[in-house]
Amino acid sequence: MGNFKDHGMNRPRRAVVLLLDSLNRHMLGCYGGQEFETPNIDRLAARSLRFTNHVTGSLPCMPARHDILCGALDFLWKPWGSIELWERPITYPLRRMGVPTQLITDHPHLFEVGGENYHTDFFAWDYVRGHESDPWKTRPDLSWQGAPSLPAKQKYAGRVAPHGYDVSRTYFREEADFPGPKTMQATRAWLEDHGRHHDAFLLFVDEFDPHEPFDTPEPWASRYGSWNGERLIWPPYAIDGVASGQISKAEGDHIRANYGAKLSMIDHWLGRVLDTLDDGDFWRDTMVILCTDHGHYLGEKDIWGKPRVMQYEPLGHTPLLIAYPGVESKTLDALTTNVDLYATLADLFGVETEHVTHGHSLLPLIEGKTHSIRDWAIGGVFGNWVQINDGRHKYARGPVSNNFPLSMFSNRWSTMPVPAYPGLRLPLPDERARLDHMPGTSVPVIRQPFEPGDLLPYWTMDMPCDTHYLFDLDSDPGETQNLCGSAVESHMKALLREALSAVDAPMDQFQRLGL
């Protein structure tokens, strides 16, 4: 077992991270939600520090995991991708210190191009098959009649052959066969069979629920409303979804209820993990973190999914619960973001980080040594709005002119794969590319400049220009009054410029944002 730093106090030597994808803060009972039942998340909150001002950083799914596992924002440099040559995830030094690390996940992006090396430095990993885009089976199980999966509209009905989850779901014979429940069962088994035998460990549970498909068996499927016909388990990614006629109000209500059903189902199975933590008395010497990558729009402002919009509160203001031995439950209002989770784990285990990171440890907050760890937090999607939050104001600055110049920095050339369209790939670097460097490293990196007419990643294409947003979240939590043009914008614009300089953002970002 490796040596831990002497922190001057008896800190825990074991940590459990429970990441639930697309977990909507405003729908959790512990954050005031009343629409859906989350008794076990609320049960965890009752013994935890409940962070009220935790916000997203890099988005969407894989960039957010890069924030958490590598501690470095990457959305200013690339859209989506693997761990780069100059970076080391938190699992790399822990493995060399002799600290067991275990990944348990049903998240398919971790095993696709663009996410394929996040698991490799874990001491052990367990991949539960069958969620979303996972290519688990090549044909449906035609004997599935009588199985719990209810008739549902396929994701690409009429366009491509059934694949991924639309095939996988025909193999589920009971609720326990669904990927989320299986992941929670695997977590419980690891704690019982392995965790209790280790004096120190990091268990990272990357659970893709309640991310779509919003598919559940009974009794969950009808818990928040009935529906006749094929169920809508694949939500649209749409702006003005109902107003534009892309879905009806009834369909929107049904989709929202299906999200709630999946939220309550995974909450139920999470309760079994909490039971195991109780039975093994893990709380005595284990830090337990519950977090997410982002939320999911379910009709707020008539937005659905994760389309090309700024990160309004339902998606960008996320839950964070931390149960810490010897610290009573309470509310913490300090501004925090996902790169701080990496910094917290590094601090807990005494890890010396070699690459450039952007987070601050939460342990001084948890231990009552300070009331604040950061003055601002930035986040966004590559080539999209860049947002800054100072704890009260949220400023989302979009591109001016035509969203250029814009360059991608990476030695692992990939973006989010779309399994239904296997020929869709990010164009390879061309004669415009040159070697550059990322902050803090001498490793050369390919820098590919983009120009108008280039094929760009999904969230970068057709970006509106000269469209900025500024909200006072204290007085306007619903984000209805855009304060751009006020004196506050001048302050937030200067703060954004300061923040981008602090992380040594590429000059392209300053130019495309008009800074």
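Parameters at a glance
- Residues numbered from 1 in each chain as written.
- Predicted model: local features only at pLDDT ≥ 70, side-chain atom pairs only at ≥ 80, totals over all residues.
- Heavy atoms only, no water.
- Helix = DSSP H or I, 4+ residues; strand = E, 2+ residues; numbered from the N terminus.
- Rg over C-alpha atoms; globule rule 2.2 N^0.38 Å.
- Buried < 20%, exposed > 50% of the residue type's maximum accessible area, 1.4 Å probe, protein only.
- Areas by Shrake-Rupley, 256 points an atom, 1.4 Å probe, with all protein chains shown as cover.
- Lys, Arg positive; Asp, Glu negative; His and termini not counted.
- Charge placed at Lys NZ, Arg CZ, Asp CG, Glu CD.
- Disulfide = S-S within 2.5 Å.
- Pairing = 2+ DSSP bridges.
- Contact = heavy atoms within 4.5 Å.
- Axes fitted to C-alpha atoms, helices over the stretch in contact; angles between N-to-C directions.
- 1 Å grid on protein atoms, 1.4 Å probe; cavity = no way out; pocket = protein on both sides within 12 Å on 5 of 7 lines; lining within 4 Å.
- Points joined across faces, edges and corners; volume = space filled by probe spheres on them.
- Salt bridge = Lys/Arg side-chain N within 4 Å of Asp/Glu carboxyl O.
- Parallel < 35°, antiparallel > 145°, perpendicular 65-115°, else oblique.
- Phe/Tyr/Trp six-rings, centres within 6.5 Å; stacked < 30°, edge-to-face > 60°.
- Lys NZ or Arg CZ within 6 Å of the ring centre and 35° of its normal.

Caption draft 1: Main features of the overall build of the chain. A count of helices and strands for the chain gives 11 helices and 19 strands. Taken over the C-alpha trace, the chain has a radius of gyration of 22 Å; the compact-globule value for 515 residues is 24 Å, and the two agree within 12%. In the chain, which comprises 515 residues, the proportion classed as buried is 61%. A total of about 19,500 Å² of accessible surface is found on the chain, and carbon and sulfur atoms cover 49% of it. Distance between charge centres in the chain, computed from 48 positive and 68 negative side chains, equals 2 Å.

Caption draft 2: The state of the cysteines, seen in detail. Inspection of every chain in the model, using the stated rule, returns zero disulfides. Free of any disulfide, cysteine 30 has its nearest neighbouring cysteine sulfur in cysteine 291, separated by 13 Å. Under the relative-accessibility criterion, cysteine 30 is labelled buried at 15%. For cysteine 61, which is in no disulfide, the shortest distance to another cysteine sulfur is to cysteine 291 and amounts to 13 Å.

Caption draft 3: How the structure looks around the sheet that holds strand 14 (residues 386-389). Here five strands make up an open sheet; going across it, the order is 3-13-14-15-19 and the pairing mixed. The outermost strands of the open sheet, each flanked by one partner alone, are strand 3 (58-59) and strand 19 (469-472). When strand 3 meets strand 13 (residues 377-381), the two strands line up parallel, connected through two bridges. What sits directly across from serine 58, in strand 13, is glycine 380. Here helix 10 (residues 487-502) sits on the sheet in contact with strand 13, strand 14, strand 15 (393-397) and strand 19, set at roughly 70° to strand 15.

Caption draft 4: How the structure looks around the layout of surface pockets. If you add up the space inside the second largest pocket, you get close to 250 Å³. Taken together, 14 residues form the lining of the second largest pocket, with Arg25, Glu313, His317, Leu473 and Pro477 sitting closest to its centre. For the lining of the second largest pocket, the elements supplying multiple residues, two or more each, are strand 2 (49-55) and helix 7 (313-316).

Caption draft 5: Representation of the pattern of salt bridges within the structure. A full pass over the atoms with the stated rule returns 35 salt bridges. Ionic pairing is found between arginine 65 and aspartate 293, a salt bridge with its closest N-O pair at 3.0 Å. With arginine 65 in helix 2 (residues 61-70) and aspartate 293 in the loop between strand 8 (286-291) and strand 9 (297-298), the pair connects residues that are 228 residues apart, well separated along the chain. For glutamate 313, the salt bridge is made with lysine 394, and the minimal N-O distance between the two is 2.8 Å.

Caption draft 6: Up close: the packing of helix 5 (residues 179-193) against helix 6 (residues 249-279). One way to put it is that helix 5 packs onto helix 6 with a least axis distance of 9 Å and a crossing angle of 5°. Classified by the angle between their axes, helix 5 and helix 6 sit roughly parallel to one another. Of helix 6, the residues touching helix 5 (which contributes Gly180, Pro181, Met184, Gln185, Thr187, Arg188, Leu191 and Glu192) are Met265, Ile266, Trp269, Leu270, Arg272, Val273, Thr276 and Leu277.

Caption draft 7: Local environment of the sheet that holds strand 16 (residues 406-409). A sheet is described by the order of its strands in space; here three strands give the open sequence 16-18-17, paired in antiparallel fashion. Each having just a single partner strand, strand 16 and strand 17 (434-437) make up the two edges of the open sheet. The sheet shows a mean angle of 45° between the axes of neighbouring strands, direction not considered. Pairing of strand 16 with strand 18 (residues 444-450), which is carried by four bridges, proceeds in the antiparallel orientation. Counterpart to serine 407 in the pairing with strand 18 is proline 449.

Caption draft 8: Representation of the packing of aromatic side chains within the structure. By the definition in use, this model includes 15 aromatic pairs. When the centroid spacing of 5.1 Å and the interplanar angle of 80° are considered together, the rings of tryptophan 190 and phenylalanine 201 count as edge-to-face. With tryptophan 190 in helix 5 and phenylalanine 201 in strand 6 (residues 201-207), the pair connects residues that are 11 residues apart, well separated along the chain. Accessibility assignment for this pair places tryptophan 190 and phenylalanine 201 in one class, buried. The interplanar angle of 65° and the centroid separation of 6.3 Å between the aromatic rings of tyrosine 312 and tyrosine 469 together place this pair among those described as edge-to-face. A residue pair is termed long-range when its members are at least 10 positions apart, and tyrosine 312 in the loop between strand 10 (303-305) and helix 7 and tyrosine 469 in strand 19 qualify at 157 residues. Judged by relative accessible area, which is 11%, tyrosine 312 ranks as buried. Cluster of aromatic residues (ring-pair linked, three or more members): Tyr165, Phe172, Phe178 and Trp234. The lysine or arginine in question, lysine 301, covers the ring of tyrosine 312, its NZ or CZ lying 5.1 Å from the ring centre.

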